[in-house]
Amino acid sequence: MKRIIYLPFDHLHRDFGALKNADIKSDLIVLIESSRITTGRNWHKERLFFLISSARHFAKSLEQEGFKVEYVKAKSIVEGLKSIQAKHKNLPIICAEPSSFRQYQALHEYGVEFIDNDFFLTPRPLFKAWAETQKNYLMESFYRKQRVRLNILMDGAEPAGGAWNFDKENRLPPPKKYEGPKYLEHKRDEIDAQVASEIGHVMTTTWATSRQGALAQLRNFIDNHFGEFGPLEDAMTTDNWALHHSLLSPYLNNGLLHASEVIEAAVKAFNSGRVPIESAEGFIRQIIGWREYVNGMYWFLGPDYRNNNQLNANRKLLPLFSDPAATQMNCIKETVTDIQNRAWVHHIPRLMLLSNLALVTGTNPQEFLEWMREVFIDASEWVMVPNVIGMGVHADGGQMMTKPYAAGGAYISRMSNYCKPCAYNPKLRTGETACPFTTLYWDFLDQHKETFAKNHRMSQQVFGLNRLSDLPELKLRAQEVLKGLEAGTI
Ligand SMILES: Cc1cc2nc3c(=O)[nH]c(=O)nc-3n(C[C@H](O)[C@H](O)[C@H](O)COP(=O)(O)OP(=O)(O)OC[C@H]3O[C@@H](n4cnc5c(N)ncnc54)[C@H](O)[C@@H]3O)c2cc1C
Ligand code: SF4
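Source: prediction; values computed, not measured. (Residues numbered from 1 in each chain as written. Chains lettered and ligands numbered in written order. Predicted model: local features only at pLDDT ≥ 70, side-chain atom pairs only at ≥ 80, totals over all residues. Heavy atoms only, no water.)

Student: Even after reading the chapter, I still don't get the overall build of the protein, so can you show me in this structure?
Tutor: For the protein, the helix and strand inventory stands at 21 helices and 7 strands. Relative to a compact globule of 490 residues, whose C-alpha radius of gyration would be 23 Å, the protein shows 23 Å and is just as compact. Overall, the C-alpha framework of the protein stretches about 75 × 55 × 45 Å when taken along its three principal axes. Residue burial in the protein is summarised as follows: out of 490 residues, 60% are buried. In the protein, once contacts between residues fewer than 6 apart in sequence are set aside, the share between residues at least 24 apart is 72%. Summed over all atoms, the accessible surface of the protein reaches about 21300 Å², with 51% contributed by carbon and sulfur. Taken as two groups, the 57 positive and 55 negative side-chain charges of the protein have centres that lie 1 Å from each other. (Helix = DSSP H or I, 4+ residues; strand = E, 2+ residues; numbered from the N terminus. Rg over C-alpha atoms; globule rule 2.2 N^0.38 Å. Buried < 20%, exposed > 50% of the residue type's maximum accessible area, 1.4 Å probe, protein only. Contact = heavy atoms within 4.5 Å. Areas by Shrake-Rupley, 256 points an atom, 1.4 Å probe, with all protein chains shown as cover. Lys, Arg positive; Asp, Glu negative; His and termini not counted. Charge placed at Lys NZ, Arg CZ, Asp CG, Glu CD.)

Student: Explain the site of ligand 2 to me, please; I cannot follow it from the model alone.
Tutor: Around ligand 2 sit Met329, Cys331, Ile412, Tyr418, Cys419, Cys422, Tyr424, Pro426 and Cys435, and that is every residue in its neighbourhood. Looking at the shell around ligand 2 residue by residue, the class counts come to 9 nonpolar, no polar and no charged. (Near = heavy atom within 4 Å. Nonpolar A, V, L, I, M, F, W, Y, C, P; charged D, E, K, R; others polar.)

Student: Mind showing me how you'd approach helix 7 (residues 190-199) here?
Tutor: Think of an α-helix as 3.6 residues a turn; residues three or four steps apart then line up on the same face. When helix 7 is considered as a whole, its buried residues turn out to be Ile191, Asp192, Val195, Ala196 and Ile199. Down the axis of helix 7, the sector holding all buried residues measures 130 degrees, keeping them to one side. Among the exposed residues of helix 7, those oriented more than 90 degrees off its buried face are Glu190 and Ser197. Tucked into the core, helix 7 has its buried residues touching helix 2 (45-65). (Arc of directions from axis to C-beta.)

Student: Explanation requested: the packing of helix 18 (residues 436-447) against helix 21 (residues 471-487) in the structure shown.
Tutor: Helices that pack against each other are described as a pair by the angle of their axes relative to one another and the distance between those axes. Between helix 18 and helix 21, the shortest axis-to-axis distance is 9 Å and the interhelical angle comes to 115 degrees. By the angle between their axes, helix 18 is roughly perpendicular relative to helix 21. In the packing of helix 18 onto helix 21, the handedness of the crossing is left-handed. Packed against helix 18, whose contacting residues are Pro436, Thr439, Leu440, Trp442, Asp443, Asp446 and Gln447, the element helix 21 presents Leu471, Leu474, Lys475, Arg477, Ala478, Val481, Leu482 and Leu485 at the interface. Residue composition of the contact of helix 18 with helix 21, grouped by class: 9 nonpolar, 2 polar and 4 charged. (Axes fitted to C-alpha atoms, helices over the stretch in contact; angles between N-to-C directions. Parallel < 35°, antiparallel > 145°, perpendicular 65-115°, else oblique. Left-handed = near helix turned anticlockwise from the far one by under 90°.)

Student: Honestly, the packing of aromatic side chains in this entry has me stumped. Any pointers?
Tutor: What characterises a pair of aromatic rings is the spacing of the ring centres plus the angle enclosed by the ring planes. Under the counting rule described, the total for this entry stands at 27 aromatic pairs. Each ring, one from Phe321 and one from Trp371, has its centre 4.9 Å from the other, and the planes form 55 degrees; the classification is tilted. In this pair, Phe321 is assigned in the loop between helix 12 (277-301) and helix 13 (330-342) and Trp371 in helix 15 (residues 365-375), connecting sequence segments 50 residues apart. The class for Trp371 is buried, based on a relative accessible area of 8%. The ring centre of Trp299 lies 3.7 Å from the NZ or CZ of Arg124, which sits over that ring. (Phe/Tyr/Trp six-rings, centres within 6.5 Å; stacked < 30°, edge-to-face > 60°. Lys NZ or Arg CZ within 6 Å of the ring centre and 35° of its normal.)

Student: Looking at this structure, how should I read the site of ligand 1?
Tutor: Among the 28 residues in the neighbourhood of ligand 1, the closest are listed as His245, Ser246, Leu247, Asn253 and Asp378. Note that a nitrogen atom of ligand 1 is positioned 3.3 Å from one of the side-chain N or O atoms of Gln286. At 3.4 Å, a side-chain N or O of Arg350 approaches a nitrogen atom of ligand 1. Of all elements in the fold, only helix 10 (249-254), helix 12, helix 14 (347-360) and helix 16 (381-392) reach the threshold of two or more residues within the shell around ligand 1. (Polar contact = N/O pair within 3.5 Å; in protein donor to acceptor, adjacent residues only side chain to side chain.)

Student: I tried to follow the environment of Ser35 on my own but got confused; where do I start?
Tutor: You can see Ser35 is positioned in helix 1 (residues 35-39). For the pair Ser35 and Leu107, spaced 72 residues apart in the sequence, the C-alpha separation amounts to 17 Å. Discounting chain neighbours no more than four positions away, the residues touching Ser35 are Gly40, Ala74 and Lys75.

Student: I would appreciate a short explanation of the nonpolar core in the present structure.
Tutor: It is characteristic of soluble globular proteins that their nonpolar side chains tend to be buried jointly. Counting 150 residues, the largest nonpolar core has Phe226, Tyr293 and Leu354 as its most contacted members. If you tally residues by element for this core, the top one is helix 12, at 13 residues. Once you skip the residues sitting within four places of it in the chain, Tyr293 turns out to touch Phe127, Trp130, Tyr137, Leu138, Met139, Phe142, Met400 and Met401. Core analysis: the next-biggest nonpolar cluster, separate from the first, contains 16 residues, Ile4, Ile84, Cys95 and Phe114 among them. (Core = buried A, V, L, I, M, F, W, Y, C linked by side-chain atoms within 4.5 Å.)

Student: I would appreciate a short explanation of helix 15 in the present structure.
Tutor: With 9 of 11 residues buried, helix 15 is to be regarded as a mostly interior element. What helix 15 keeps buried is the set Pro365, Gln366, Phe368, Leu369, Trp371, Met372, Arg373, Glu374 and Val375. On its buried face, helix 15 is in contact with helix 2, helix 13, helix 14 and helix 16.

Spelled out as structure tokens, the structure:
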């Protein structure tokens, strides 16, 4: 053996990262299951199971291909690398650039040699070059550049379908009693059973743990959901837990799928005429736009970005985030229950329910971020930090998004079926049955009116405060609501 190729658990692709140039005869492949992953934090069992079982399946597939593979359990990644080097004559270690600042630094200090991280479509220096020329880092500007650069959904120099963005057509509320096609169930094998028994997990069939399963999920999305993805993208309903979302983020994030494979399948389906432009564009924007933008911003904004708290939000995490019985707010109860069951909800509950609640209650951004990281199946550091700190709770003072995503109950009522059976009324802002979102939305705007009045995208909302004749009463109700949320009675 001439060198060690170290594979982090989010580099599980044969054709990308350090493996793409691997030599079966002279490279030793190493994967490390560190105690930090198994016992370091209160991870959702579904996430832990997914990460470990995917890594073990992948290690086995490399062995079957003929590679020499060492799958090591160790206290930390560095301890694991030390033990492997001691066993293999201090061979040099190669790895594709890690996906988080912390791991990058630890491996760099240990002396691991990096090659470029090609698990994204945009190299880090290319994104930096774009960001350095921008006044505001608008995702839409980046996305248009990506469309042209990658030549995706383009008719010559013009966007296919005559527009860059079909967002306005993608905001339908959920249809009544919506069933939709069945979701794919993933079969389990002996590797899965072994991992589940080691970590004390009761297996579900929601998430695949192998490359074959991830490819089956991609096919299932393209064949059964892609055509209807766009219009219902923002809808939330208790009738159907994922509507037409692709459920591909875990595989994109751990490497079982590469963005280029997902885009190739999507473009092929669009070119065959089976998928309308509003769905094709909406989905492709998520992959070549949002996903790449968020990763680029993570590296561009630097390691201290995650500590931002520009709205001075210092409330402790509310009990309802870990216990759905600690609230009567139906939207939150349903969402937290879904997360407990599957470690997943789509982007609108993440943004307009969970983050919105953290924002308008003034919950500490870092406490909320830590909770979000622990409970979601796809919660890699690079993607959670900008989404929560920048987009979700506006803790960066608007570096990433020009305005906070704060909303009252009217939005949630329009986009979901949560409100009808709820104890609260989305139209009311005062009184015992007022929707907590509606009350706290106005209270939040009032608290930060001086800051937000300077923001031209917020001035109209702030101006709306002048129309509230019941503001003093609303402020009193807001205090009751906050106390009730802390006590688990609202
Ligand atoms: C507050 C908040 C936290 C989030 N945390 C995560 C996270 O930890 N991990 C994660 O992968 N996504 C995160 N997202 C983005 C998005 O919610 C998930 O990618 C999506 O719900 C995953 O389900 P899906 O694969 O069915 O997505 P689809 O709706 O089918 O979208 C397709 C793909 O687009 C990508 N994508 C879409 N939006 C984003 C985005 N804002 N950032 C990055 N990629 C995006 C994902 O790879 C996703 O798989 C977060 C969004 C918000 C608002
Ligand atoms: S009324 Fe308010 S708390 Fe109840 S479900 Fe609707 S938005 Fe949520």
